[in-house]
Amino acid sequence: MPTTNNKVEFLVKPGGCLSGRIRVPGDKSISHRSVMLGSLAEGITEVSGFLEGEDNLATLDAFRQMGVHIEGPEKGRLRIEGVGLHGLKPPGKPLYLGNSGTSMRLLTGLLAGQSFDVEMGGDVSLSKRPMRRVTDPLKTMGAQLETAPGGTPPIRIRGGAALKAIHYDLPVASAQVKSCLLLAGLYADGRTCITEPAPTRDHTERMLAGFGYPVGRTGSTVCVEGGGHLTASSIEVPADISSATFFMVGAAIAEGSDVLLEHVGINPTRIGVINILRLMGAELELGNEREVGGEPVADIRVRGSRLKGICIPEEQVPLAIDEFPALFVAAACAEGETRLTGARELRVKESDRIQVMADGLNILGIDACPTEDGMVIQGGTLGGGMVESHGDHRIAMAFAMAALRANDNIRILDCANVNTSFPGFVGLAAEAGLSVTEG
Ligand code: S3P
């Protein structure tokens with residue numbers, strides 16, 4: 001089992017601003033799905049812009065272990081020789097999925113419909129994350145699987161179960177659960193439908209349609225009929241709006257900044273960060289809007305501005321679910337109070353992002369008060385200090401950007417997992433003007 005290096009630290013000197021044209025790496029969610037659907041399709045799928053982050057490499061490795069021949073990644077390019085929906089082979093050993101909740105939850109659905117047994121595990125963080133949200137509905141479809149006693153990984157799946165379609169009302173707005181059930185639905189007898197309490201990212205639905213698999217949507221319900229097939233396709237992965245977020249927030253909080261983020265995915269289910277930053281008064285313009293492989297993309301220009309505190313509208317929460325570590329930093333730099341509610345899910349991400357961000361902001365001298373489902377932050381003056389990322393990539397990158405407005409050095413601990421979603425972050429951020437070094 002790979003070991004993680006929790007010794008990686010970021011040292012960020014205070015002040016400065018961000019400028020230039022920046023292309024952040026490919027979208028993590030779309031990259032995962034490109035490997036999954038490409039592997040299950042009939043024919044050769046070519047992918048460009050694939051995110052070579054550790055999470056996506058874990059997915060890639062899992063499919064290789066299940067007999068799929070995949071060339072690359074080579075500068076973001078993959079060539080996947082799809083084996084068809086029934087062509088996967090039993091892996092010779094348990095699948096190790098590192099830090100990646102998306103890999104585990106989506107694979108659980110996909111593997112529940114196979115003819116072979118499989119076991120999946122992950123790192124310390126993934127081993128604490130809740131999996132009953134996927135195993136419970138899968139069991140009602142007839143899947144045979146079990147988790148560790150607390151409903152956490154490892155997950156063991158018994159092959160050969162006959163899955164039957166269900167209609168499932170999602171108790172939490174989660175694209176991972178929705179996608180897990182859609183993937184299981186490909187193998188189920190009948191029409192599997194999922195109703196969401198609020199819109200969540202729809203990359204699975206879009207990509208299934210791109211591979212020629214019919215997906216029905218009526219209002220907040222999405223359905224697939226089992227027994228079809230996927231036809232290979234070519235996929236261009238846009239830059240990840242969740243990675244672009246760190247530069248959007250960095251530029252917005254630092255006077256004199258002017259950045260152009262190129263080719264960013266602006267799928268309507270992902271643009272909460274744009275909506276929230278605009279409500280806070282950020283100067284943010286979208287240009288060159290176009291559609292690439294079924295996903296909308298744009299170049300995003302952000303300039304430094306004076307932000308104001310707001311009550312974040314709850315309907316924006318699922319649309320910005322990965323962006324709150326950075327948005328909390330924006331709130332710390334804004335004038336007045338920012339209040340977040342309806343975001344309990346943040347407590348079960350790669351870390352407890354409510355507690356960990358509040359602790360770090362408090363260390364930096366900001367009045368940030370965690371609540372059960374959100375946070376209340378008083379904008380103020382950021383000092384320096386040493387903060388813990390708890391191995392959470394997005395916490396580490398959010399605190400790195402906070403240094404732009406701090407009055408002393410910020411040292412961030414346990415940053416190795418930045419490589420799960422944003423390899424090259426330190427180099428790109430330094431090029432844009434952040435005084436960050438890695439040690
Ligand atoms: C993801 C969905 C989100 C998000 C995660 C990626 C996906 O999780 O936080 O980083 O690719 O489907 P939830 O759906 O559990 O909110």
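Please read these numbers as outputs of a predicted model, since none were measured by experiment.

*Asks:* It is not clear to me how the packing of helix α9 (residues 324-333) against helix α11 (residues 393-402) should be interpreted in this structure. Could you clarify?
*Replies:* Between two packed helices, the angle of one axis relative to the other and the distance separating the axes together describe the packing. Relative orientation of the contacting elements α9 and α11 amounts to 25°, with a least axis distance of 8 Å. Between α9 and α11, the angle is such that the two are roughly parallel. You can see that α9 and α11 cross each other, and the crossing is right-handed. Contacts between α9 and α11 involve P325, A326 and V329 from the former and R394, I395, A398 and A402 from the latter.

*Asks:* I'm lost on the site of the ligand in this one. Help?
*Replies:* Every residue close to the ligand is listed here: S29, R33, T102, S174, A175, Q176, R201, I321, D322 and K349. Residue A175 places a main-chain N or O atom 2.7 Å away from an oxygen atom belonging to the ligand. Between Q176 and the ligand, the recorded distance is 2.9 Å, taken from a backbone N or O atom to an oxygen atom. Protein coverage of the free-state accessible area of the ligand, which is 380 Å², stands at 96%. Its residues assigned to classes, the shell around the ligand shows 2 nonpolar, 4 polar and 4 charged.

*Asks:* Before we go on, may I ask you to explain the UniProt feature "binding site: 3-phosphoshikimate" (unreviewed entry) in the protein chain in this structure?
*Replies:* The positions UniProt marks with the feature "binding site: 3-phosphoshikimate" (unreviewed entry) are K28, S29, R33, S174, Q176, D322 and K349. Turning to its location among the elements, R33 is positioned in helix α1 (residues 28-40). With residues up to four places along the chain from it excluded, the contact list for R33 reads G38, T102, L106, A175, S179, H203, T204 and M207. Inspection of the secondary structure puts D322 in the loop between β17 (295-303) and α9.

*Asks:* Before we go on, may I ask you to explain the domain arrangement of the protein chain in this structure?
*Replies:* Size of an interface: often given as the accessible area lost when the parts come together. When its domains are assigned, the protein chain resolves into domain 1 (10-26 + 239-438) and domain 2 (28-236). Distance from the C-alpha centre of domain 1 to the C-alpha centre of domain 2: 28 Å. For the pair domain 1 and domain 2, the summed buried area comes to about 2100 Å², and 45% of that belongs to carbon and sulfur atoms. Looking at the side of domain 1 facing domain 2, the largest losses of area belong to R270, E350 and T420, adding up to 23% of the total buried there. There are 3 salt bridges connecting domain 1 and domain 2.

*Asks:* Sorry, what's going on with the sheet that holds strand β12 (residues 216-218) here?
*Replies:* The strands making up a sheet associate through backbone hydrogen bonding, with each pair oriented either parallel or antiparallel. Taken in spatial order, the 4 strands of this open sheet run β10-β11-β13-β12, and their pairing is mixed. Each end of this open sheet is capped by a strand with a single partner; those strands are β10 (167-169) and β12. For this sheet, the mean angle separating the axes of adjacent strands, direction not counted, is 15°. Looking at chain direction, β10 and strand β11 (residues 191-195) are connected through 3 bridges and run parallel. Looking across to β11, one finds that D169 is bridged to T195.

*Asks:* So what exactly am I meant to see when it comes to the nonpolar core here?
*Replies:* Inside soluble globular proteins, nonpolar side chains tend to come together where they are buried. Of all hydrophobic cores here, the largest spans 86 residues; its most connected members are F10, F247, M248, L261 and F425. Among residues more than four places away in sequence, those in contact with M248 are I241, L261, V273, I274, L277, L284, I300 and V302. Core analysis: the second largest hydrophobic core is formed by 62 residues, V68, C180, A188 and M207 among them.

*Asks:* Could you clarify how one ought to interpret the sheet that holds strand β8 (residues 144-146) in this entry?
*Replies:* Spatially, 4 strands are ordered β6-β7-β9-β8 in an open sheet, and the strand pairing comes out mixed. What marks the edges here is a single partner per strand, and that holds for β6 (95-96) and β8. In this sheet, strand β7 (residues 118-121) lies alongside β6 in parallel orientation, the contact comprising 2 bridges. The partner of L95 across the bridge, within β7, is M120.

*Asks:* In this structure, what is going on with the pairing of strand β4 (residues 69-74)? I would like to understand it.
*Replies:* Remark: a regular strand shows side chains that alternate across the two faces of the sheet. With 4 bridges connecting them, β4 and strand β5 (residues 77-83) associate as antiparallel partners. The partner of E71 across the bridge, within β5, is R79. Counting the residues in the hairpin turn of β4 and β5 gives 2 residues, including K75, whose phi is positive at 50°.

*Asks:* Just checking my understanding: could you explain the packing of helix α7 (residues 241-253) against α9 for this structure?
*Replies:* Running from N to C, α7 and α9 point in directions that differ by 5°, and their axes come no closer than 9 Å. By the angle between their directions, the pair α7 and α9 is classed as roughly parallel. Contacts from T245, F246, V249 and I253 of α7 reach α9 at A326, V329, A330 and C333. Each residue belonging to the contact of α7 with α9 can be placed in one class, and the counts come to 7 nonpolar, 1 polar and no charged.

Reading guide: rules and limits
- Residues numbered from 1 in each chain as written.
- Predicted model: local features only at pLDDT ≥ 70, side-chain atom pairs only at ≥ 80, totals over all residues.
- Heavy atoms only, no water.
- Axes fitted to C-alpha atoms, helices over the stretch in contact; angles between N-to-C directions.
- Helix = DSSP H or I, 4+ residues; strand = E, 2+ residues; numbered from the N terminus.
- Parallel < 35°, antiparallel > 145°, perpendicular 65-115°, else oblique.
- Left-handed = near helix turned anticlockwise from the far one by under 90°.
- Contact = heavy atoms within 4.5 Å.
- Near = heavy atom within 4 Å.
- Polar contact = N/O pair within 3.5 Å; in protein donor to acceptor, adjacent residues only side chain to side chain.
- Areas by Shrake-Rupley, 256 points an atom, 1.4 Å probe, with all protein chains shown as cover.
- Nonpolar A, V, L, I, M, F, W, Y, C, P; charged D, E, K, R; others polar.
- UniProt positions renumbered as here; feature names shortened; annotations may be inferred.
- Domains from an automatic or database assignment.
- Buried area = accessible area lost by both parts, 1.4 Å probe.
- Salt bridge = Lys/Arg side-chain N within 4 Å of Asp/Glu carboxyl O.
- Pairing = 2+ DSSP bridges.
- Core = buried A, V, L, I, M, F, W, Y, C linked by side-chain atoms within 4.5 Å.
- Buried < 20%, exposed > 50% of the residue type's maximum accessible area, 1.4 Å probe, protein only.

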